Amino acid sequence: MVSIERLVTSGTFSLDGETFDVDNNVWIVGDEQEALVIDAAHDAEAILGALGQRRAVAIVCTHGHDDHIDAAPDVALRTGAPILLHPDDLPLWHMRHPALEPNTHLTDNQSIAVAGVELRVLHTPGHSPGAVCLYAPELGVLFSGDTLFEGGPGATGRSFSDKPTILASIRERLMTLPPETVVHTGHGPDTTIGAEAGNIK
């Protein structure tokens, strides 16, 4: 039986010379034997505690902002799990981890398997150049990172972001999904594709 667990961790987000306190959603998808970590944010100990004795299949970074990747190297070192990031976000990754490379570069439509379920990588640039979402049709869920939230698109007011690009990504890649698809976001509460259809303008 596949489960989806939300772990909320707290830390900071820094870009363009400013730093903000943030709470992040870390998503853990799997069964009793293995699990996938989506966005290893802030607190490696809490993430390792949530994993327990399960094998970590991979650590998927929905994008390269430091609040989504800061704990990834520590979790990877202690679990042996590879870190996966879209290559377009390597400049952001290297701001936080200048001497470390992700293990694997994510590609659009790549499939990632965990506990017998397939998650499909959707490249959705805009919040950052290499932002991705993960769609699990069997589970009826989308892990949207910071691309789509309750209330509309993710922020585009900082370096490496672009509002027309994120709107195009959401319209073309996300709004074509079934409206009942549950959206598990990078921060804050869940929503659905249908609920956000009117917020994409």
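What comes next concerns the included structure. (Residues numbered from 1 in each chain as written. Predicted model: local features only at pLDDT ≥ 70, side-chain atom pairs only at ≥ 80, totals over all residues. Heavy atoms only, no water.)

1. Some words on the sheet that holds strand 14 (residues 191-192)
Strand order in the open sheet formed by six strands is 7-8-9-10-13-14, with mixed pairing between adjacent strands. Of all strands in the sheet, those bounded by a partner on one side alone are strand 7 (111-114) and strand 14. Both strand 13 (residues 182-185) and strand 14 contribute to a ladder of two bridges, which runs antiparallel. In the strand pairing of strand 14, Val 183 is matched with Thr 191. Helix-sheet contacts for helix 5 (residues 163-174) involve strand 8 (117-123), strand 9 (132-136) and strand 10 (141-145), and the interaxial angle to strand 8 is about 145 degrees. (Pairing = 2+ DSSP bridges. Helix = DSSP H or I, 4+ residues; strand = E, 2+ residues; numbered from the N terminus. Contact = heavy atoms within 4.5 Å. Axes fitted to C-alpha atoms, helices over the stretch in contact; angles between N-to-C directions.)

2. Notes on the side chain of His 65
Topologically, His 65 is positioned in the loop between strand 4 (55-60) and helix 2 (66-69). A polar contact is formed between the side chain of His 65 and the side chain of His 127, at a distance of 3.1 Å. With residues up to four places along the chain from it excluded, the contact list for His 65 reads Phe 13, Leu 15, Leu 92, His 127 and Ser 128. (Polar contact = N/O pair within 3.5 Å; in protein donor to acceptor, adjacent residues only side chain to side chain.)

3. Describing the pattern of salt bridges
A full pass over the atoms with the stated rule returns seven salt bridges. The closest approach of N and O atoms between Arg 55 and Glu 34, which form a salt bridge, is 2.7 Å. One end of the pair, Arg 55, is in strand 4; the other, Glu 34, is in strand 3 (residues 34-38), and 21 residues separate them in sequence. You can call Glu 34 buried: its relative accessible area is 18%. Glu 45 is the partner of Arg 78 in a salt bridge, and the nearest nitrogen-oxygen pair spans 2.8 Å. Of this pair, Arg 78 sits in helix 3 (residues 72-79) while Glu 45 sits in helix 1 (residues 44-51); the two residues are 33 residues apart in sequence, bridging distant segments of the chain. Classification of Arg 78 by relative accessible area gives partly exposed; the value is 43%. A cluster of three or more residues bridged by salt bridges with shared partners is formed by Glu 45, Asp 74 and Arg 78. (Salt bridge = Lys/Arg side-chain N within 4 Å of Asp/Glu carboxyl O. Buried < 20%, exposed > 50% of the residue type's maximum accessible area, 1.4 Å probe, protein only.)

4. Digging into the environment of Val 37
Topologically, Val 37 is positioned in strand 3. Sequence-wise, Val 37 and Ala 56 are 19 residues apart; in three dimensions their C-alpha atoms are separated by 7.2 Å. Val 37 has contacts with Val 26, Trp 27, Ile 47, Leu 51, Ala 58, Ile 59 and Val 60, leaving out every residue within four places of it along the chain.

5. Observations concerning the nonpolar core
Counting 24 residues, the largest nonpolar core has Ala 40, Ile 47 and Ile 59 as its most contacted members. For this core, the secondary-structure elements that each account for two or more residues are strand 2 (18-30), strand 3, helix 1, strand 4, helix 3, strand 5 (83-85) and helix 4 (90-96). Top contributing element to this core by residue count: helix 1, with four residues. The contacts of Ala 40, once residues within four sequence positions are left out, are Ile 47, Ile 59, His 68, Ile 69, Asp 70, Ala 71, Ala 72 and Val 75. (Core = buried A, V, L, I, M, F, W, Y, C linked by side-chain atoms within 4.5 Å.)

6. Structural notes on the pairing of strand 13
The sheet contact formed by strand 10 and strand 13 spans four bridges and is parallel. Residue pairing in the sheet places Phe 143 in a bridge with His 184 of strand 13. What sits between strand 13 and strand 14 in their antiparallel hairpin is a turn of five residues, with Gly 188 showing a positive phi close to 80 degrees.

7. Overview of unusual backbone geometry
Backbone geometry at His 42 places phi at a positive 70 degrees, although glycine is not the residue there. Along the chain, the position of His 42 falls in the loop between strand 3 and helix 1. Classification of His 42 by relative accessible area gives buried; the value is 17%. Residue Ala 115 is not a glycine yet carries a positive backbone phi of 50 degrees. Looking at the secondary structure, you find Ala 115 in the loop between strand 7 and strand 8. Given a relative accessible area of 17%, Ala 115 falls into the buried group.

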